[in-house]
Amino acid sequence: MAEQSNTNPHIREKNSPLQTLAMQALRRFGDFHPGTIDGDVMLMFIEFANMIIDEIRLHPYHDGAEIDYYQSATDVRDVPDPIIIQGLLYHYAMQQASDKVSIYMPMYNRTLNHHLWQKLNGNTKIQMRVRDGGTNKRNLSGGKTSNYNGTVTY
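Keep in mind it's a predicted model, so treat the numbers as computed, not measured.

Calculation rules
Residues numbered from 1 in each chain as written. Predicted model: local features only at pLDDT ≥ 70, side-chain atom pairs only at ≥ 80, totals over all residues. Heavy atoms only, no water. Helix = DSSP H or I, 4+ residues; strand = E, 2+ residues; numbered from the N terminus. Buried < 20%, exposed > 50% of the residue type's maximum accessible area, 1.4 Å probe, protein only. Contact = heavy atoms within 4.5 Å. Areas by Shrake-Rupley, 256 points an atom, 1.4 Å probe, with all protein chains shown as cover. Phe/Tyr/Trp six-rings, centres within 6.5 Å; stacked < 30°, edge-to-face > 60°. Lys NZ or Arg CZ within 6 Å of the ring centre and 35° of its normal. Axes fitted to C-alpha atoms, helices over the stretch in contact; angles between N-to-C directions. Parallel < 35°, antiparallel > 145°, perpendicular 65-115°, else oblique. Left-handed = near helix turned anticlockwise from the far one by under 90°. Nonpolar A, V, L, I, M, F, W, Y, C, P; charged D, E, K, R; others polar. Salt bridge = Lys/Arg side-chain N within 4 Å of Asp/Glu carboxyl O. pLDDT = per-residue confidence, 0-100.

### Quick notes on the overall build of the chain
- What the chain contains, in helices and strands, is 5 helices and 2 strands.
- Secondary structure elements of the chain, listed N to C terminal, follow the sequence α-α-α-α-α-β-β.
- Each of the 154 residues in the chain was classed as buried or not, and the buried ones make up 40%.
- Put simply, of all contacts in the chain between residues at least 6 apart along the chain, 53% involve residues at least 24 apart.
- For the chain, the computed accessible surface area is about 9,400 Å², with 52% contributed by carbon and sulfur atoms.

Quick look at the structure:
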């Protein structure tokens, strides 16, 4: 059975369509009723979503998996729903020159870091990373240091 959407449990796919996520973001933003938006606003949200895809691709915690751009509001991408929603809120607040950007920017960054780290490393703690192989005996006895979280495996 496919994993259910983490923000829309009634959707039986892993992730939600962009149109659903955009409506959720607009409801949270709170300026007007989301059902009154026109097609141009949805096109703007497609642009915002593609900016989020670019930000994920450049993020140091991104695992390198290929993510296609959104081409329509009905598209679904393998990106956690909370990242898209928080990113849409942030980009929309920036576009509106709203004071809410001071709230949505750190929330977006935290959500992005949290979900990408979880996908890359699971629930592991961060350790200092040995950059040159080091002279520590743990590295000389056959241990291999992870480039992602600094843990040593033997």
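### Focus on the packing of aromatic side chains
- Under the criterion given, the structure shown has 6 aromatic pairs.
- Within the aromatic cluster, the residues linked to one another by ring pairs are Phe-29, Phe-45, Phe-48, Tyr-92 and Tyr-104.
- Geometry around Tyr-69 places Arg-57 over its ring, the cationic atom sitting 4.4 Å from the centre.
- The ring of Phe-29 has Lys-100 sitting right over it, with the charged end atom 4.2 Å from the ring centre.

### A word on the side chain of Ser-98
- With respect to the helices, strands and loops of the structure, Ser-98 is situated in the loop between helix H3 (81-95) and helix H4 (101-121).
- Given a relative accessible area of 17%, Ser-98 falls into the buried group.

### Notes on the packing of H3 against H4
- One way to put it is that H3 packs onto H4 with a least axis distance of 8 Å and a crossing angle of 155 degrees. What the angle tells us is that H3 and H4 run roughly antiparallel. Read as a crossing pair, H3 and H4 show a hand that is left-handed. Across the interface between the two elements, Pro-82, Ile-83, Gln-86, Gly-87, Leu-89, Tyr-90, Ala-93 and Met-94 from H3 touch Val-101, Tyr-104, Met-105, Met-107, Tyr-108, Thr-111, Leu-112, His-115 and Leu-116 from H4.
- The class makeup of the residues in the contact of H3 with H4 is 13 nonpolar, 4 polar and no charged.

### Topic: the pattern of salt bridges
- With the rule as written, the count across this model stands at 4 salt bridges.
- The closest approach of N and O atoms between Asp-78 and Lys-14, which form a salt bridge, is 3.4 Å. Here Asp-78 is found in the loop between helix H2 (39-58) and H3, whereas its partner Lys-14 is found in the segment before helix H1 (18-29), with 64 residues between them in sequence.
- Judged by relative accessible area, Lys-14 falls into the partly exposed class, the value being 40%.

### Thoughts on the confidence of the model for the chain
- Of the residues in the chain, 77% reach a pLDDT of 70 or more, and the chain-wide mean stands at 83.
- Looking across the chain, the model is least confident in helix H5 (residues 137-140), with a mean pLDDT of 57, and most confident in H3, with 95.
- Here residues 1-5 is modelled with pLDDT under 50, and outside its nearest four sequence neighbours on either side it reaches 14 contacts, counting other chains as well.

### Let's talk about the environment of Tyr-70
- Along the chain, Tyr-70 falls in the loop between H2 and H3.
- On the basis of relative accessible area, Tyr-70 is assigned to the buried category, the value being 3%.
- A sequence separation of 20 residues divides Tyr-70 from Asn-50, and the C-alpha atoms of the two residues are 6.1 Å apart.
- When sequence neighbours within four positions are dropped, the list of residues in contact with Tyr-70 reads Leu-18, Ile-46, Ala-49, Asn-50, Ile-53, Asp-75, Arg-77 and Ile-84.

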